[in-house]
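The chain contents come next:
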Amino acid sequence: MTATILDGRAIGQAVRDDLARLAAEYRAANGRPAGLAIVRAGWDAASAVYTNALVRAADGVGVVATVVTLAADVDDTGLRGRIEALNADEMVQGILVQLPLPPHLSQRVVAETLDPRKDVDGISLRSAGNLFLRLPSFVPSTCAAVLEMLDRAGIAVAGRRAVVVGASNVVGKPLAFLLLHRDATVTVCHIYTRDLAVWTRQADILLVAAGKPGLITAEMVKPGATVIDVGINVRPDNTLVGDVDFDGVAAVAGALSPVPGGVGQLTNLMLLKQTLLAPSLWSE
Ligand code: NAD
């Protein structure tokens, strides 16, 4: 068997077209474009590359992205103040605080201060609670990207066995709940899981977000399964790989998302989608 490749770039183009339409509808209804504020507290090169890519993606679909760069010596009080100002800004429908924050700043301040109506990356306490309770919610953009990929590829979830490798707050756990809410039978594996292959081989849909290159090999995959590789790992030569042995697994799986060119192509677009849909994605 040779897997169908789930091409994030092609899917991304279709998503962009839909977002441009949504952005135009937003402009027509509100007399101004939707706004996304990106709060940056770090100065590293990777976060700058990420910010620039997000601003370009926003420009491309017609969302106004504004970068708010915090001073290097800002403290938790200053961070809270900047977020409160953005909460009150009517031109801003979505707020993304880039994580991780520098060690002297508290992520809890962000989770507690961010207006849940503008929490387009689903990191606030309220978003987490809404997701848990299956209420309308913003969700972490990577998880939204995985669902978008499954939907656009026509891969059904209900009644199927989904195995999530990784249990972080930003990917593994919310993804497991989203799949559960779509009526999959979900197993979550993590670094302390014994005999990982016993679990992964049962998956009709295997979703991998561990941050470990080569973790999933061909013998760990049920023939014909869908394999979504969320991992992003930088090799010593600066190229990217996922967590899945792509060549080996492509010979066994029914469908496989590559890295690069897979889920990562959709993550930023999901932030923009949630910004444009903000009013309907939040529940009191
Ligand atoms: P994390 O380090 O917070 O969590 C990793 C999870 O994987 C943990 O639950 C850990 O127990 C589990 N794990 C680690 N090694 C394992 C092993 N050998 N076997 C089984 N489980 C193992 O990471 P994260 O933030 O959830 O990110 C996971 C991966 O996804 C990383 O490679 C990250 O770069 C990538 N990522 C990609 C996107 C995207 O847009 N595609 C977005 C966020 C994260």
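Residues numbered from 1 in each chain as written. Predicted model: local features only at pLDDT ≥ 70, side-chain atom pairs only at ≥ 80, totals over all residues. Heavy atoms only, no water.

## Quick notes on the overall build of the protein chain
Inference 1: From N to C terminus, the protein chain includes 10 helices and 11 strands.
Inference 2: Principal-axis analysis of the C-alpha atoms gives the protein chain an extent of 55 × 40 × 40 Å.
Inference 3: Expressed as a percentage of the 284 residues in the protein chain, the buried residues total 52%.
Inference 4: In the protein chain, the share of contacts with a sequence separation of at least 24, taken over all contacts with a separation of at least 6, comes to 71%.
Inference 5: As displayed, the protein chain has an accessible area near 13100 Å², and 56% of this comes from carbon and sulfur atoms. (Helix = DSSP H or I, 4+ residues; strand = E, 2+ residues; numbered from the N terminus. Buried < 20%, exposed > 50% of the residue type's maximum accessible area, 1.4 Å probe, protein only. Contact = heavy atoms within 4.5 Å. Areas by Shrake-Rupley, 256 points an atom, 1.4 Å probe, with all protein chains shown as cover.)

## Quick word on helix α3 (residues 76–88)
Inference 1: Between its first and last C-alpha atoms α3 spans 18 Å; for 13 residues at 1.5 Å apiece the expected length is 18 Å, and the two agree.
Inference 2: All of the buried residues along α3 are L79, I83, L86 and N87. For α3, the angular spread of the buried residues around the axis is 105 degrees, confining them to a single face. Summarising the geometry of α3, the exposed residues directed more than 90 degrees from the buried face are T77 and A88.
Inference 3: Contacts made by the buried residues of α3 are with β2 (35–40), β3 (64–69), β4 (94–97) and α4 (107–113). (Expected span 1.5 Å × (residues − 1). Arc of directions from axis to C-beta.)

## Comments concerning the nonpolar core
Nonpolar side chains in soluble globular proteins tend to end up buried together.
Inference 1: Judged by nonpolar contacts, the single largest core of 53 residues is most densely connected at V146, L150, L179, L207, I228, L269 and L272.
Inference 2: Broken down by secondary-structure element, the contributors of at least two residues to this core are α1 (8–30), β2, α2 (45–61), α6 (141–152), β5 (161–165), α7 (172–181), β7 (205–208) and α10 (264–276).
Inference 3: Both of domain 1 (29–120) and domain 2 (141–263) provide at least three residues apiece to this core.
Inference 4: Counting 21 residues, the second-largest nonpolar core is a separate cluster that includes I216, V227, A253 and L256. (Core = buried A, V, L, I, M, F, W, Y, C linked by side-chain atoms within 4.5 Å. Domains from an automatic or database assignment.)

## Focus on the packing of aromatic side chains
The relative placement of two aromatic rings is captured by the distance of their centres and the angle of their planes.
Inference 1: Applying the stated rule across the entire model yields 1 aromatic pair.
Inference 2: Ring centres of F132 and F177 lie 5.4 Å apart, and the angle between their planes is 65 degrees; on these two criteria the pair is classed as edge-to-face. Note that F132 is positioned in helix α5 (residues 125–132) and F177 in helix α7, a separation of 45 residues in sequence.
Inference 3: Take F132: its relative accessible area is 54%, and that puts it in the exposed class. (Phe/Tyr/Trp six-rings, centres within 6.5 Å; stacked < 30°, edge-to-face > 60°.)

## Re α10
Inference 1: Within α10, 10 of the 13 residues are buried, which leaves the element mostly enclosed by the surrounding structure.
Inference 2: Along α10, the residues that are buried comprise L266, T267, N268, L269, M270, L271, L272, Q274, T275 and L276.
Inference 3: In this structure, the buried residues of α10 make contact with α1, β2, α2, β4 and α6.

## A few points about the site of the ligand
Inference 1: Close contacts around the ligand come from 20 residues, with A167, S168, I191, I232 and T267 the closest.
Inference 2: One of the backbone nitrogen or oxygen atoms of I191 is found 2.9 Å away from an oxygen atom of the ligand.
Inference 3: Taking 860 Å² as the accessible area of the ligand by itself, protein coverage stands at 71%.
Inference 4: In terms of residue class, the shell around the ligand is made up of 10 nonpolar, 9 polar and 1 charged. (Near = heavy atom within 4 Å. Polar contact = N/O pair within 3.5 Å; in protein donor to acceptor, adjacent residues only side chain to side chain. Nonpolar A, V, L, I, M, F, W, Y, C, P; charged D, E, K, R; others polar.)

## Quick word on the environment of T77
Inference 1: The topology assignment puts T77 in helix α3.
Inference 2: Judged by relative accessible area, T77 falls into the exposed class, the value being 55%.
Inference 3: C-alpha separation for the pair T77 and V109, spaced 32 residues apart in sequence, amounts to 8.7 Å.

## Structural notes on the sheet that holds strand β6 (residues 185–189)
Inference 1: On the basis of which strands lie adjacent, the open sheet formed by 6 strands has the order β1-β11-β8-β7-β5-β6 and parallel pairing. Edge positions in the sheet fall to β1 (4–5) and β6, since each has one partner strand and no second.
Inference 2: Each of β7 and β8 (226–229) is contacted by α6, which is oriented at about 150 degrees to β8, the strand it contacts most. (Pairing = 2+ DSSP bridges. Axes fitted to C-alpha atoms, helices over the stretch in contact; angles between N-to-C directions.)

## Thoughts on the domain arrangement of the protein chain
Inference 1: Under the domain assignment used here, the protein chain contains domain 1 (29–120) and domain 2 (141–263).
Inference 2: The centre of domain 1, based on its C-alpha atoms, is set 29 Å off from the matching centre of domain 2.

## A look at the state of the cysteines
Inference 1: Throughout the structure, instances matching the rule amount to 0 disulfides.
Inference 2: In this structure C143 is not part of a disulfide, and its nearest cysteine sulfur, from C189, lies 16 Å away.
Inference 3: A relative accessible area of 0% means that C143 is categorised as buried. (Disulfide = S-S within 2.5 Å.)

## A look at the sheet that holds β3
Note: strands within a sheet are paired through backbone hydrogen bonds, in either parallel or antiparallel orientation.
Inference 1: The strand order across the open sheet formed by 3 strands is β3-β2-β4, and the pairing between neighbours is parallel. Of all the strands in the sheet, just β3 and β4 have a single pairing partner and so form its edges. When the angles between neighbouring strand axes are averaged without regard to direction, this sheet yields 20 degrees.
Inference 2: Pairing analysis gives 4 bridges linking β2 to β4, with the strands arranged parallel. In the strand pairing of β4, L36 is matched with G94.

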